[in-house]
Structure formats: C-alpha cells, structure tokens
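What follows is the residue order along each chain.
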Amino acid sequence: MSKILIVGGGYTGFYTAFTLQKQLRRGEAEVTLVDPLPYMTYQPFLPEVASGSIEPRHVIVPLRRHLKKTNVVQGKVVAVNHAKKTATIEPSAGKSYTVKYDHIVLAAGSVSRTFPIPGVADEAIGMKSIEEAVAVRDRLIDNFAKAANLPKCKERDRLLTVTVVGGGFAGIETFAELRSLASSMLTQYPELSIEDTSFHLVEAMGRIMPEVSLKTSYWVLKNLASREATVHLDTQLLSATGGKIELSTGIKFESDLIVWTAGVMANPVVRATDFPIEERGRIRSSATLQITTDDGKVVSGAWAAGDNSAVPDLTGGGVGGMCVPNAQHAVRQAKRLAANIIAVLRGETPVNYIHKNLGAVAGLGVGYGVFQSGGFAVKGFVAWVMHRGYHGLAMPMWERKLRVIGDWIGQLFLGRDTATISLREEPQAYFQAFASRPAK
Ligand SMILES: Cc1cc2nc3c(=O)[nH]c(=O)nc-3n(C[C@H](O)[C@H](O)[C@H](O)COP(=O)(O)OP(=O)(O)OC[C@H]3O[C@@H](n4cnc5c(N)ncnc54)[C@H](O)[C@@H]3O)c2cc1C
C-alpha cells in the first residue's frame, strides 16, 4: 500500500485528505495527516469571530471527526528528506520520530509576515488563528467595561483606541468588523459615546484592498470614514512600544488593542526540506501541483498547494503569473491534487490545475460589504448578504455550516453575543481563591 503523508491540516491539507479518503479504493493507499492543531480553521471567518457575530468554535473543523479514514497525527513536521523519502515528526507528546512515505503533500500554509518594528512583537495580536481572533474580541469588549468605570482621561482614551496595521483584505475586514462591534456595544454603555472611541488603520501603500478596483476601494474608505474610522494611507508604523503608536506622518497616540494584519509569507517549515525554494520563500509547483526543481522538472512523489507554494495561474490572472494565496485556490487545488495523486497511483496522467478567479467578497461589519468581479462591483447591504451567502456555503462540512448559519440567525433575532470569558486564561484563579488549604 502506498503511503501518503500530508503536512498541514488547514484548508489544503484537510481537503486533500477528505478527497483522498472519498476517492481512494480500499487498500490503495494509507493517508496520514500531521498538524500541530486538532482542527482546520476557516480563516475568512476570523474577522466575524473577532466582532462577536460567530461563535469561535463553529469556524473550526475538528480533523478527527471528519477524517475518519485518515491517520491524524497531532504534531509538527520539522524536517523532510525527500532524497530518502522520510519526514521527521515532533508529536505534541512523546519523542520525535521519522516516518517513511511514498508521496508527500506540503500544505503548511502561511504565517504572519512581520517587520522589526519596536513594540510590535510585545503589543500586537495577529489575525491568523482562532485564538488570536478570540483574544481581539475579548480585549475590545473588556476594554469597554474598564473604560466605563473611568472619567475622561488618557487611560480611558487608550482603552477605547483600536489600531489595525495592514490594509489588505484581512486587515480591512477586521478593522470594519471591530468598528461594527464597538458601535453596537455603545447601546450597553451609556457612559460612553462614539466620539470616545478611536479606530485607526495604518497602510503603507496609497490604497487599500488591492483585490478590488480603485473605485470600490474609495467607496470602502468613504464608508469607514462615515462610521468614525480613520484610515492612514501612505503611512508606516514606526513604533508601538508600550502601546504608544508612532506613525511616519508624525501622528502619535496610545492604543490598547493593536492588530497586525500586514501580510503573510510561506510557512518557514518549507525551508526544512530538501526541495528548491523560489525567491519569495515558496515551494515551486507545476500546474499539476507536483513539486518541481528550479529548472521545472517534476520531483516524483512530491506535491504542494495552498499558501506555501508557487502554483502557476494558467488563466493568466495571477500576480507574477502565480495563483494568489487565498482560500478560493487552496480548496480547489487540494481537490485537484488529491485526484492527481490517485491518477499517478493508477498509472494515469495528472491534470493541470486551472481556476478562473470568481472575484472577491468582503464583509465590513453587519450590513456592509463589497463584492468585485472584474469591472463589476456591488457595495453595501446586498454585498454583505452575498458575503454571508458565499462563505456560509464555502464553510466546510454541513454540521459546521449549520452552526455558523445558526449563529447568524441568532444574531438577527437576539443581537450579537458580547459575553466574554477572558478569565479562562486563569482557570485556577477562582479555585485557588476559595479552595480550602490543608491546615499546617
Ligand atoms: C483573516 C483572514 C481572512 C481571509 N479571508 C479570505 C477570504 O475572504 N477569501 C479567501 O479566498 N481567502 C481568505 N483568506 C486566506 C485563506 O484563509 C488562506 O489562503 C487559506 O487558509 C490557505 O490555506 P492553506 O491550506 O494553504 O493554509 P492554512 O489554512 O493556513 O493551513 C496550514 C496548516 O498547516 C499547519 N502547519 C503549520 N506548520 C506545520 C508543520 N510544521 N507541520 C504540520 N502542519 C503545520 C497549520 O497548523 C495549519 O493547520 C483569509 C485569511 C485570513 C488570515
């Protein structure tokens, strides 16, 4: 039986394993998936988790529940020696070990790209994981509660100031969703007004959201401005030390919540392999999703897709000729990749991946959104409904889809959920405070 090893159980890894387990014949291959996390995360929903519109656990898919015919290993792949067809796994418990494989799939995704800006590492929170999205949500809600106890002062201003760095899709969605959450919470806090809150987005380029037309991006800027949210274009963050924000325009303010969304880069684990890496740090793939050498020769038994790979975009629409790193490509590449592995196992020829971009849709807080496909754009409420419709259907697995849709219906009738349980980070605090100590 051939052994297939999948590195990463995110969008690409999950769908590769899911398709393989559906399409492989009995006894044809054994599939193992390794990921340090027990779930895949539907990252497009992280901004809505941060804004309290969706319950956090509903946007993650437990791997073992849905990959019943796959060996799921909770751990990290830390090295790959394809010359020997071995991979080293560091499990979440126990000693590292080496496994042999016949086919490997690199699907380790991307990580937040950071720059050495003073204070960012200590103060900022990213927006790539469910844990980060929940921490952002809880911080904003808790800060409202703290600020409501204070008279107008510097500390109160700081608690009510949110800064998002990066004006790409993820950054703008996060910023707009947090603004939406803050505005809706004001009804619960008669002590606070919208003028007491400050929202700043910092973007180094002269525009936001490169995925939509300039005209649509202007509409987003205008919409945010009308909702008391400031976007600083052509501006760099110089320092965030101690929460004291210094911008390249000379503007300074204090901010208790700083969210970093200034881009992603291929997961550095790809460098712990003996595969060639291209100039942007990604693994080179052919259109058949097989890893290639620098001169384009296919490496037998090696596959890569998703954010950690440079896959040619045969529609001619990609950036630098390559597919852009997004979920739209990741899911379709995964299904093609799985079908291609099966083709190779059966002595057939793998087929090229080709997918024409469907456009981009963004949610900008309850009631606002944008959709862009070529020159066609939809803005406002209709685009927001399209955003929920598209992502509601794109969420993997019916049991997960229904949970998310249930959250939205609940929100419609009951309002968004602003309950926080941030004290979960100190679970023993209550117990230790009240548990009786043995007499000495
Ligand atoms: C906030 C946000 C919003 C987004 N919105 C959209 C959107 O609206 N539309 C869209 O198309 N795309 C969107 N994206 C992008 C999309 O989510 C990604 O392109 C997609 O998740 C990429 O899939 P992937 O499988 O390559 O990586 P991931 O889904 O990130 O999966 C990588 C997996 O690899 C695992 N891993 C990491 N290191 C190791 C290791 N050493 N060993 C084993 N496993 C490892 C990780 O734990 C993870 O599970 C968004 C992203 C973010 C962050």
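Definitions and cut-offs
- What you see as residue numbers is a count from 1 along each chain, following the sequence as written.
- Residues qualify for local features only when their pLDDT is at least 70, as the model is predicted, and side-chain atom pairs are given and counted only at 80 or more; totals for whole chains, interfaces and linings, by contrast, use all residues.
- Excluded from the side-chain calculation are hydrogens and water; included are all heavy atoms of the structure.
- Salt bridge criterion: a side-chain nitrogen from Lys or Arg within 4 Å of a carboxyl oxygen from Asp or Glu.
- A 1.4 Å probe rolled over the protein chains alone gives each residue an accessible area, and that area as a share of the maximum for its type sets the label: buried under 20%, exposed over 50%, partly exposed in between.
- Strands here mean DSSP runs of E at least two residues long; helices mean DSSP runs of H or I at least four residues long; both are numbered from the N terminus.
- Proximity is defined per residue: any heavy atom of the residue falling within 4 Å of a molecule or strand makes that residue near it.
- Pairs of N or O atoms within 3.5 Å make up the polar contacts considered here, provided that, within protein, one atom can donate a hydrogen while the other can accept it, and that residues adjacent in sequence are counted only when both atoms are side-chain atoms.
- Here the accessible surface of atoms and residues is derived via Shrake-Rupley with a 1.4 Å probe, and residues count as covered only by protein chains that are part of the display.
- Each domain's limits were defined by an automated method or a database of domain assignments.
- Any pair of residues with heavy atoms lying within 4.5 Å of one another is described as a contacting pair.
- Two parts placed together each lose some accessible area under a 1.4 Å probe, and adding up what both lose gives the buried area.
- Residues are grouped as follows: Ala, Val, Leu, Ile, Met, Phe, Trp, Tyr, Cys and Pro are nonpolar; Asp, Glu, Lys and Arg are charged; all remaining types, including Gly, are polar.
- A cavity here means a set of 1 Å grid points, computed over protein atoms only, where a 1.4 Å probe fits but cannot escape. A pocket is an open set with protein on both sides within 12 Å along at least 5 of 7 lines, and lining residues have an atom within 4 Å of a point.
- Grid points are joined across faces, edges and corners, and a volume is the space filled by probe spheres set on the points.
- In this analysis, the expected span of each helix is defined as 1.5 Å times one less than the number of residues it contains.
- Axis definition: a line fitted to C-alpha atoms, over the contacting stretch in the case of helices. Angles run 0 to 180 degrees between N-to-C directions.
- Crossings are assigned a handedness: left-handed for a near helix turned anticlockwise from the far helix by less than a right angle, right-handed for a clockwise turn.
- In this analysis, strands are considered paired if DSSP registers two or more bridges between them.
- In this scheme Phe, Tyr and Trp rings, the latter by its six-membered ring, pair at centre separations within 6.5 Å, and the angle between planes marks the pair as stacked below 30 degrees, edge-to-face above 60, and tilted otherwise.
- We call a charge positioned over a ring when the NZ of a Lys or the CZ of an Arg lies within 6 Å of the ring centre and within 35 degrees of the ring normal.

Thoughts on the pattern of salt bridges
Should the charged atoms of two oppositely charged side chains come close, the side chains can pair. This model, assessed by the stated rule, comprises 20 salt bridges. Residue arginine 57 is joined to glutamate 55 by a salt bridge in which the shortest nitrogen-to-oxygen separation is 3.6 Å. Classification of arginine 57 as exposed rests on a relative accessible area of 57%. Relative accessible area serves as the criterion here: at 28%, glutamate 55 is assigned to the partly exposed category. Close ionic contact of aspartate 256 with arginine 139 constitutes a salt bridge, the shortest N to O distance being 3.6 Å. With aspartate 256 in the loop between strand E16 (252–254) and strand E17 (257–260) and arginine 139 in helix H5 (residues 130–148), this residue pair connects regions lying 117 residues apart in the sequence. Looking at aspartate 256, the relative accessible area reads 17%, which means it is buried. With a relative accessible area of 29%, arginine 139 lands in the partly exposed category.

Focus on the site of the ligand
Close to the ligand lie 30 residues, the nearest being Thr12, Asp35, Asn267, Asp307 and Ala327. Within the backbone of asparagine 326, one N or O atom sits 3.4 Å away from an oxygen atom of the ligand. With respect to the ligand, the backbone of alanine 327 contributes an N or O atom lying 2.9 Å from an oxygen atom. Summarising the interface, the protein chains cover 88% of the accessible area of the ligand, which totals 1,000 Å² for the free molecule. Within the residue set of the shell around the ligand, elements represented by two or more residues are helix H1 (11–23), strand E2 (29–35), strand E5 (71–81) and helix H9 (327–345). At three residues, H9 tops the list of elements feeding residues into the shell around the ligand.

Digging into the domain arrangement of the protein chain
Domain boundaries in the protein chain define domain 1 (2–112 + 264–345) and domain 2 (120–262 + 359–414). Taken together, the contact between domain 1 and domain 2 spans 36 residues of the former and 32 residues of the latter. Overall, the association of domain 1 and domain 2 removes approximately 3,000 Å² of surface from exposure, summing both partners, and the carbon and sulfur fraction of that is 58%. If you look at where domain 1 meets domain 2, you find two salt bridges. The shortest N-O distance in the salt bridge between arginine 388 and glutamate 48 comes to 3.0 Å. Here domain 1 is connected to domain 2 by 15 residue pairs in polar contact (both at pLDDT 80 or more). Elements with a minimum of two residues in the side of domain 1 that touches domain 2: H1, strand E3 (39–41), helix H2 (46–50), strand E4 (60–62), helix H3 (63–66) and strand E9 (110–112). Each residue belonging to the side of domain 1 that touches domain 2 can be placed in one class, and the counts come to 21 nonpolar, ten polar and five charged.

Observations regarding empty space enclosed by the protein
Which parts of space are left empty comes out when a probe the size of a water molecule is rolled across the atoms. Evaluated as defined, the whole model comprises one cavity of 30 Å³ or more. Quantified by volume, the largest cavity comes out at close to 30 Å³. Residues of the lining of the largest cavity, tallied by class, amount to eight nonpolar, one polar and no charged.

With respect to H1
Helix length check: H1 (13 residues) gives 18 Å between terminal C-alpha atoms against 18 Å at 1.5 Å per residue, within 8%. Among the 13 residues in H1, eleven count as buried, and that is most of the element.

Focus: the packing of H1 against H9
Running from N to C, H1 and H9 cross one another at 35 degrees; their axes reach a closest spacing of 8 Å. Crossing angle aside, the handedness with which H1 passes H9 is right-handed. Contact residues: H1 offers Tyr11, Thr12, Tyr15, Thr16, Thr19, Leu20 and Gln23, while H9 offers Ala327, Ala330, Val331, Ala334, Lys335, Leu337, Ala338, Ala339 and Ile342.

Brief notes about unusual backbone geometry
A positive phi angle, close to 45 degrees, is found at methionine 209, a residue other than glycine. Mapped onto the fold, methionine 209 is located in the loop between strand E12 (198–202) and helix H8 (214–226). With a relative accessible area of 0%, methionine 209 lands in the buried category. We note that aspartate 234 has phi near 50 degrees; this positive angle belongs to a residue other than glycine.

Here's the deal with the sheet that holds strand E1 (residues 2–7)
Neighbouring strands of a sheet are bound in pairs by backbone hydrogen bonds; such pairs are parallel or else antiparallel. Reading across the sheet, the eight strands line up as E7-E6-E5-E2-E1-E8-E21-E20 and stay open at both edges, with mixed pairing between neighbours. Each end of this open sheet is capped by a strand with a single partner; those strands are strand E7 (97–100) and strand E20 (290–292). Going across the sheet, the axis of each strand differs from the next one's by a mean of 45 degrees, ignoring polarity. With four bridges joining them, E1 and strand E8 (residues 103–106) adopt parallel strand pairing. Bridge pairing links isoleucine 6 to valine 105 in E8.

Topic: the packing of aromatic side chains
Evaluation of the coordinates by the stated rule reveals eleven aromatic pairs. Look at tyrosine 11 and tyrosine 15: their rings are 5.8 Å apart centre to centre, the planes differ by 25 degrees, and that puts the pair in the stacked class. Residue tyrosine 11 and its partner tyrosine 15 are located together in helix H1, separated by four residues, close to a single helical turn. Here the two residues tyrosine 11 and tyrosine 15 agree in accessibility, since each one is buried. A centroid spacing of 5.5 Å and a plane angle of 85 degrees characterise the contact between phenylalanine 14 and tyrosine 15, whose relative ring orientation is edge-to-face. Of the two residues examined, phenylalanine 14 and tyrosine 15, each falls in the buried class. Cluster of aromatic residues (ring-pair linked, three or more members): Tyr11, Phe14, Tyr15, Phe18, Tyr42, Phe45 and Trp408. Sitting over the face of the ring of tryptophan 398, lysine 401 holds its NZ or CZ atom 5.2 Å from the ring centroid.

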